[in-house]
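# Coordinate inspection notes
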Amino acid sequence: MRRFENQVAIVTGAAGGIGAATAARLGREGAAVVAADRNAGGAEATASAIRDQGGDALAVQADVTDRAAVEAMLAAALARYGTVHVLANIAGIAHGEPFLQASDEWWDKTLAVNLTGVFYCSQVIARHMVAHQIAGRIVNLASTNGLVGEASLAHYNASKFGVVGLTMTMAIELGPHNIRVNSVCPGLIKTPLTQRSYTNPVWAAEYAKKIPMNRFGEPEEVAAAVAYLASEDSGFITGAQLVIDGGQLTF
Ligand SMILES: NC(=O)c1ccc[n+]([C@@H]2O[C@H](COP(=O)([O-])OP(=O)(O)OC[C@H]3O[C@@H](n4cnc5c(N)ncnc54)[C@H](O)[C@@H]3O)[C@@H](O)[C@H]2O)c1
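### Thoughts on the overall build of the protein
The helix and strand tally for the protein stands at eight helices and seven strands. What you see for the protein is a C-alpha radius of gyration of 17 Å, in line with the 18 Å of a compact globule of 251 residues. Based on the C-alpha atoms only, the size of the protein along its principal axes is roughly 50 × 35 × 35 Å. The contacts in the protein between residues at least 6 apart in sequence include a share of 71% that link residues at least 24 apart. Separation of charge centres in the protein, based on 18 positive and 22 negative side chains, amounts to 3 Å.

The following block contains the structure:
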């Protein structure tokens, strides 16, 4: 399947986990990929892996909490490829702290990366898409934690509920411009972000009881859903939250 021939996709958080898997998937399907991350070496590793597979990719160092850096990321994409069709907002952080001990520092950091970052990237790139009448697609990484709560993750949950609200609102306002905006809501996916949890056998066995499929997800399984929402296969879907959790939210 090569659904992204002659298309350009910006992927944030592309240095690791779900972002790297998504960049690889879009690259395999023919997109020219702008692999953006605050981790320059990781972004370059993702981009060079795509090029090694015969694809086209550019690494850009960008901190999504810095509007000027986001503007520079778009400028770099345009300088190299001239246009942008797809934005995958994947950069994110998580830090567990019980609510009563939650710190201002982690509250501010989490909201800045997970929510303000999605706002900056989406607004900067949507303005370009609207100005150039591009039928664009924006896919945001929310979470099952954007649909239900979970202990010790108040700031993370608030940020992901925010992403869901932002997704719905952007879908309303950008729909008339032929730009679709959707979220994916993964459950527990095996990435560097969750490694400390899923490699703890006691924790993992207890958590798996909450998942009908009795396993954790793979980054590639989320990448496939992002690619679907970024492709014409989802042509009439906008403002939706696609849950990828092995059935966890069914009970
Ligand atoms: N892993 C899961 O179980 C899971 C579940 C639901 C949602 N998510 C979401 O998926 C996304 C990717 O998570 P992951 O598990 O692949 O994590 P990860 O830690 O493997 O990757 C996150 C990437 O984001 C980058 N990043 C962090 N802050 C940034 C910033 N300010 N600017 C630019 N890049 C920045 C990191 O350098 C890293 O490469 C996140 O938004 C996360 O909240 C993950």
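Now that the structure is up, let's keep going.
### Some points on the site of the ligand
Looking at the ligand, there are 29 residues lining it, with I18, D37, Y156, I189 and T191 nearest. At a separation of 3.4 Å, an oxygen atom of the ligand approaches a polar backbone atom of G16. One of the backbone nitrogen or oxygen atoms of G187 is found 3.2 Å away from an oxygen atom of the ligand. At a threshold of 2 Å from the grid points, most atoms of the ligand map onto the largest pocket. Counting residues per element, the ones that place at least two in the shell around the ligand are α1 (17–28) and α5 (154–174). Its residues placed into classes, the shell around the ligand shows 16 nonpolar, nine polar and four charged.

### Quick word on the sheet that holds strand β2 (residues 32–37)
With parallel pairing, seven strands are arranged side by side in an open sheet as β3-β2-β1-β4-β5-β6-β7. Single-partner strands in this sheet number two, and they are β3 (56–61) and β7 (241–244). Here the strands of the sheet are splayed against their neighbours by 15 degrees on average, with no regard to which way each runs. Sheet topology note: the strand β5 (residues 137–141)/strand β6 (residues 180–186) ladder contains five bridges and is parallel. Along β6, the bridge assignment pairs V139 with N182. Running over the sheet, helix α8 (residues 219–230) touches β4 (86–89), β5, β6 and β7 and is turned about 165 degrees from β6.

### A word on the environment of K210
Looking at where K210 falls in the secondary structure, it is placed in the loop between α7 (201–208) and α8. Measuring from C-alpha to C-alpha, the distance between K210 and Q195 comes to 18 Å, with 15 residues separating the pair along the chain.

### Details of the environment of V118
Examined against the element boundaries, V118 turns out to sit in helix α4 (residues 104–131). According to the relative accessible area criterion, V118 is buried, its value standing at 4%. Along the chain, V118 and S143 lie 25 residues apart, while their C-alpha atoms are 14 Å from each other. Sequence-distant contacts of V118, that is, excluding residues within four places in its chain, are made with N89, V113, N140, V163 and L166.

### Regarding the nonpolar core
With 38 residues, the main nonpolar core has I10, M73 and I125 as its most contacted residues. Mapped onto this core, the elements with two or more residues apiece are β1 (8–12), β2, β3, α3 (67–81), α4, α5 and β6. Top contributing element to this core by residue count: α4, with nine residues. Contacts of I125, omitting those with residues within four sequence positions, involve I10, M73, L74, V84 and L87. Membership of the second largest hydrophobic core comes to 27 residues, among which are A14, A35, A225 and A227.

### Some points on the packing of aromatic side chains
Tallying each qualifying case throughout the model produces four aromatic pairs. Ring geometry for F119 and Y120: centres 5.9 Å apart, planes at 40 degrees, overall tilted. Seen in terms of ring centroids, Y207 and F216 are 6.1 Å apart; in terms of plane orientation they differ by 55 degrees. Their pairing is tilted. Like Y207, the residue F216 is buried in the burial classification. Grouped by ring-pair contacts, the aromatic residues W203, Y207 and F216 constitute a single cluster.

### Brief notes about the environment of A225
Its location among the elements puts A225 in helix α8. Sequence-wise, A225 and R51 are 174 residues apart; in three dimensions their C-alpha atoms are separated by 23 Å. Among all residues touching A225, those that are not within four sequence positions of it are V184, L242 and I244.

### A few points about the packing of α1 against α8
Close contact between α1 and α8 brings their axes to 8 Å; oriented N to C, the two are set at 55 degrees. The angle between α1 and α8 falls in the class oblique. For α1 against α8, the interelement crossing comes out right-handed. From α1, G17, I18, A21, T22, R25 and L26 reach across to α8, where they touch P219, E220, V222, A223, A224, V226 and A227. The residue inventory of the contact of α1 with α8, partitioned by class, reads nine nonpolar, two polar and two charged.

Cut-off values and rules
- Residues numbered from 1 in each chain as written.
- Predicted model: local features only at pLDDT ≥ 70, side-chain atom pairs only at ≥ 80, totals over all residues.
- Heavy atoms only, no water.
- Helix = DSSP H or I, 4+ residues; strand = E, 2+ residues; numbered from the N terminus.
- Rg over C-alpha atoms; globule rule 2.2 N^0.38 Å.
- Contact = heavy atoms within 4.5 Å.
- Lys, Arg positive; Asp, Glu negative; His and termini not counted.
- Charge placed at Lys NZ, Arg CZ, Asp CG, Glu CD.
- Near = heavy atom within 4 Å.
- Polar contact = N/O pair within 3.5 Å; in protein donor to acceptor, adjacent residues only side chain to side chain.
- 1 Å grid on protein atoms, 1.4 Å probe; cavity = no way out; pocket = protein on both sides within 12 Å on 5 of 7 lines; lining within 4 Å.
- Sits in = over half its atoms within 2 Å of the grid points.
- Nonpolar A, V, L, I, M, F, W, Y, C, P; charged D, E, K, R; others polar.
- Pairing = 2+ DSSP bridges.
- Axes fitted to C-alpha atoms, helices over the stretch in contact; angles between N-to-C directions.
- Buried < 20%, exposed > 50% of the residue type's maximum accessible area, 1.4 Å probe, protein only.
- Core = buried A, V, L, I, M, F, W, Y, C linked by side-chain atoms within 4.5 Å.
- Phe/Tyr/Trp six-rings, centres within 6.5 Å; stacked < 30°, edge-to-face > 60°.
- Parallel < 35°, antiparallel > 145°, perpendicular 65-115°, else oblique.
- Left-handed = near helix turned anticlockwise from the far one by under 90°.

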